[in-house]
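Take a look at the letters that make up each chain.
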Amino acid sequence: MGTIAVLGAGKIGEALLSGLLSGGRSAEDLLFTERHPERAAELESRYGITNVTIEEAAARADLLVIAVKPQDIDPVLAELAPLLRPSSLVVSLCAGLPTSLFERRLPPNTPVVRVMPNTPMLVGEAMSAVSPGSHATREHVQTVTELLSCVGKVVEVPESQQDAVTALSGSGPAYFFYLVEAMIDAGILLGLPRAVAERLIVQSAVGAAKMLDEGAGHPVLLREAVTSPGGTTINAIRELENHGVRAALLAAIEAARDRSVELGRAQQQD
Ligand SMILES: NC(=O)c1ccc[n+]([C@@H]2O[C@H](COP(=O)([O-])OP(=O)(O)OC[C@H]3O[C@@H](n4cnc5c(N)ncnc54)[C@H](OP(=O)(O)O)[C@@H]3O)[C@@H](O)[C@H]2O)c1
């Protein structure tokens, strides 16, 4: 993989750098760009990695990960384009930006791989979906998959599915946070102290996620196993069905997908 430069060491960029170090990569192989000197100094002292300019990153890195906000992409690509070496691989973590945008603005034949990560990258549990651009090879995809495996799980999808991925796993953590928040409120309604309700629900979420992750069974079977005849859980399930929670989730995720398509179209029009 050679030298890796992260352009824009914000939340996601820092999480990736930290994951790469924990995964055994040497600090000498990692570079980052950052526009605030205090933030750059903080990251250099915390991780022992080197802050560089975009020019130095283009000259030294074999793989450049772009982790700026989508609205900040223009100046980064304008600066990078005349400096990029032909063999460099560009990885975009920018939500909603198509590989064609990078291919148009970077030198001809630049390999680009688009990634949709999510915030659990901050704790090494990201779900990332990768899609190769038109000049990226199988080896490039393999390289990016290995890179992201340091901070979670990785799947490959055609780029046409990235809007669905954005709606499902990109925004996914927010849906779980929302559910947890609502369930803690339910605990308060039942008279439990907030701290106790929070502990009960968060650990239940961790336990349920672990069972699903470890292949303890299909979600339907796991739910059926705790839904005994005439019991408490089935009464709760009846209320969830009465309130259309399943239909609400389908509609919510479809709305997120539609918004992602809309934002992507706006980006294409430039
Ligand atoms: N957070 C998520 O849940 C999530 C999920 C999926 C995808 N993503 C994608 O990941 C990317 C990063 O998101 P984030 O949440 O990490 O954002 P963030 O915390 O705002 O990080 C972006 C960083 O890039 C810096 N930056 C902007 N322009 C720069 C430039 N020209 N040179 C050097 N640094 C520059 C920003 O500096 P300033 O502080 O000065 O602006 C900031 O430190 C975004 O494209 C986002 O779409 C994020």
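Residues numbered from 1 in each chain as written. Predicted model: local features only at pLDDT ≥ 70, side-chain atom pairs only at ≥ 80, totals over all residues.

- Going by what an unreviewed UniProt entry lists, the protein is known as Pyrroline-5-carboxylate reductase and is assigned to Saccharomonospora viridis.
- According to the UniProt record, the Pathway (unreviewed entry) comment for the protein reads "Amino-acid biosynthesis; L-proline biosynthesis; L-proline from L-glutamate 5-semialdehyde: step 1/1."
- Reading the Sequence similarities (unreviewed entry) entry of the UniProt record for the protein gives the comment "Belongs to the pyrroline-5-carboxylate reductase family." (UniProt positions renumbered as here; feature names shortened; annotations may be inferred.)

Considering the sheet that holds strand β7 (residues 126-132)
Whenever strands of a sheet pair, they do so through backbone hydrogen bonds, lying parallel or antiparallel.
Argument step 1. With mixed pairing, eight strands are arranged side by side in an open sheet as β3-β2-β1-β4-β5-β6-β7-β8. A single partner strand is all that each edge strand has here, and the edge strands are β3 (50-51) and β8 (152-156).
Argument step 2. The sheet contact formed by strand β4 (residues 63-66) and strand β5 (residues 89-92) spans four bridges and is parallel. Following the sheet pairing, Leu64 is matched in β5 by Val90.
Argument step 3. Along the sheet, helix α6 (residues 138-149) contacts β4, β5, β6 (112-116), β7 and β8; its crossing angle with β7, the most-contacted strand, is approximately 170 degrees. (Pairing = 2+ DSSP bridges. Helix = DSSP H or I, 4+ residues; strand = E, 2+ residues; numbered from the N terminus. Contact = placed C-beta atoms within 7 Å. Axes fitted to C-alpha atoms, helices over the stretch in contact; angles between N-to-C directions.)

Points about the site of the ligand
Argument step 1. Around the ligand there are 26 residues in total, and Gly8, Gly10, Ile12, Cys94 and Ala95 lie nearest to it.
Argument step 2. Contributing elements (two or more residues each) for the shell around the ligand: α1 (11-22) and α4 (73-80).
Argument step 3. Sort the elements by how many residues they give to the shell around the ligand and α1 lands first, with three residues.
Argument step 4. Residue composition of the shell around the ligand, by class: 13 nonpolar, eight polar and five charged. (Near = placed C-beta within 6 Å. Nonpolar A, V, L, I, M, F, W, Y, C, P; charged D, E, K, R; others polar.)

So, the nonpolar core
Argument step 1. Ranked by size, the top nonpolar core spans 52 residues in total, and within it Val6, Leu16, Leu64, Val65, Ile66 and Val91 carry the most contacts.
Argument step 2. In terms of residues, this core owes the most to one element, α1, which gives five residues.
Argument step 3. Excluding its chain neighbours within four sequence positions, the residues that come into contact with Ile66 are Leu7, Gly8, Val76, Val90, Val91, Ser92, Leu93 and Cys94. (Core = buried A, V, L, I, M, F, W, Y, C linked by C-beta atoms within 7 Å. Buried ≥ 20, exposed ≤ 12 C-beta atoms within 10 Å, placed from the backbone.)

Concerning α1
Argument step 1. With 12 residues, α1 extends 16 Å from end C-alpha to end C-alpha; this agrees with the ideal 16 Å at 1.5 Å per step.
Argument step 2. When we look at burial in α1, the residues that qualify are Ile12, Gly13, Glu14, Ala15, Leu16, Leu17, Gly19 and Leu20.
Argument step 3. Where α1 is buried, its residues contact β1 (4-7), β2 (30-33), α2 (37-47) and β4.
Argument step 4. Of the residues one or two after α1, Gly24 is the one with positive phi, at around 105 degrees. (Expected span 1.5 Å × (residues − 1).)

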